Amino acid sequence: MTTNNIVSRAMAIRERTKGTTILFLPSILLAICYALSTTIFRLFTFLSLRQDSALVESRLVSSVTLAYFSREGIHLLLQLLIGLACFHLLELFRGDRQEVTLKDCFSLLKSDWAKPICMTLLFQYLIHMVAGLPAAIGSTLWLTGLTMRSLMVLSPGVMAELASHQPDQMMARGVILFIVGIVLYFLVYYAYSQTVFVLFDHLDNASYTNPLNVLRESRLLMKGNYWQRIRLDLSFLGWFVGELVTLHLLSIFVQPYYHIARTIFYEAIKAKIKTVSE
């Protein structure tokens with residue numbers, strides 16, 4: 001199945017299936033609240049640093065550290081909420097249900113599946129977090145250097161203190177580290193991109209044993225399918241930019257559309273592997 005076929009089929013399914021937006025409503029609302037609070041926090045931090053130049057470096061490091069850990073916590077919650085929604089998408093695809101309601105979003109957390117779901121998605125999150133550390137450090141260096149450079153222009157009184165940190169070199173090192181880190185992150189991300197769907201199948205057919213087996217199967221499924229999955233994500237690039245610009249308000253439309261496409265992709269590569277093995 002080509003990328004265009006997956007995308008067009010995802011759009012058609014989204015339009016005719018009831019409840020797809022409701023499935024992702026908790027994760028969308030969380031993303032909107034986080035985007036708004038982060039924007040306000042960054043603006044407040046910058047303005048406070050400009051007005052009070054005392055201890056700029058230590059305060060900047062503290063704010064960046066707080067932002068990093070809060071972001072990781074939100075990402076963990078988002079991964080869980082999106083994973084639960086994708087479970088129900090598979091049920092819709094396979095005819096196990098015809099529509100979903102808001103209470104269904106958390107219903108699996110009250111079942112026997114709750115522990116394996118949380119354990120496996122936590123394993124996946126930790127792998128993503130470790131793989132993403134170089135890119136996170138790189139972006140932090142770049143953002144810190146940019147903030148210092150801006151403060152040097154807007155608040156000359158702190159120029160001497162901040163110039164000693166060489167913000168231009170800090171930004172350059174940050175860019176290099178980010179580029180190297182993002183390549184590493186995407187290699188790991190795409191290897192384990194089918195984890196939530198494999199987990200559903202393991203739980204559904206009672207073959208689940210541990211998170212490592214689920215992660216291993218995801219990696220095996222992606223062999224030979226990396227480029228097709230990358231092309232699928234690239235086809236949504238404009239939508240992703242729109243989400244950032246609108247502080248995730250556009251996610252109300254994009255998230256169900258994108259994750260339906262992910263589900264179709266999973267079903268397609270499973271069918272292809274099954275055909276080859278026969």
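Fair warning: this is a prediction, and the values are worked out from it, not measured in the lab.

Novice: In this structure, what is going on with the packing of aromatic side chains? I would like to understand it.
Specialist: In this description, an aromatic ring pair is defined by two values, namely the gap between the centres and the angle between the planes. All chains considered together, the criterion is met by 16 aromatic pairs. Plain terms: the ring middles of Phe236 and Tyr258 are 5.2 Å apart, the flat faces sit at 70° to each other, and that makes the pair edge-to-face. Here Tyr258 lies in helix α12 (residues 251-277) and Phe236 lies in the loop between α10 (226-235) and α11 (237-245), a separation of 22 residues in the sequence. Judged on exposure class, the residue Phe236 and its partner Tyr258 are both buried. Among the aromatic side chains, those forming a connected cluster through ring pairs are Phe236, Trp239, Phe240, Phe253, Tyr257 and Tyr258.

Novice: Sorry if this is basic, but what is going on with unusual backbone geometry here?
Specialist: A negative phi holds for most residues other than glycine; trans holds for most peptide bonds. The backbone of Ala206 sits at a positive phi, close to 60°, despite the residue not being glycine. Locating Ala206 in the fold gives a position in the loop between α8 (195-204) and α9 (211-222). Of note in the backbone geometry, Leu247 takes a positive phi value of approximately 55° without being a glycine. Of note, Leu247 is situated in the loop between α11 and α12.

Novice: Looking at this structure, how should I read the nonpolar core?
Specialist: Considering soluble globular proteins, one finds that nonpolar side chains tend to be buried as a cluster. Counting 41 residues, the largest nonpolar core has Leu23, Phe24, Phe87, Ile117, Leu232 and Phe236 as its most contacted members. For this core, the secondary-structure elements that each account for two or more residues are α1 (3-16), α3 (25-51), α4 (56-93), α5 (114-154), α7 (167-191), α8, α9 and α12. Ignoring any residue separated from it by four or fewer positions in sequence, one finds Phe24 in contact with Ile82, Ala85, Leu89, Gln255, Pro256 and His259. Ala131, Val188, Ala191 and Leu215 belong to the second-largest nonpolar core, a separate cluster that totals 5 residues.

What counts and how
Residues numbered from 1 in each chain as written. Predicted model: local features only at pLDDT ≥ 70, side-chain atom pairs only at ≥ 80, totals over all residues. Heavy atoms only, no water. Phe/Tyr/Trp six-rings, centres within 6.5 Å; stacked < 30°, edge-to-face > 60°. Helix = DSSP H or I, 4+ residues; strand = E, 2+ residues; numbered from the N terminus. Buried < 20%, exposed > 50% of the residue type's maximum accessible area, 1.4 Å probe, protein only. Core = buried A, V, L, I, M, F, W, Y, C linked by side-chain atoms within 4.5 Å. Contact = heavy atoms within 4.5 Å.

By themselves, these figures tell us nothing about what the structure is for.
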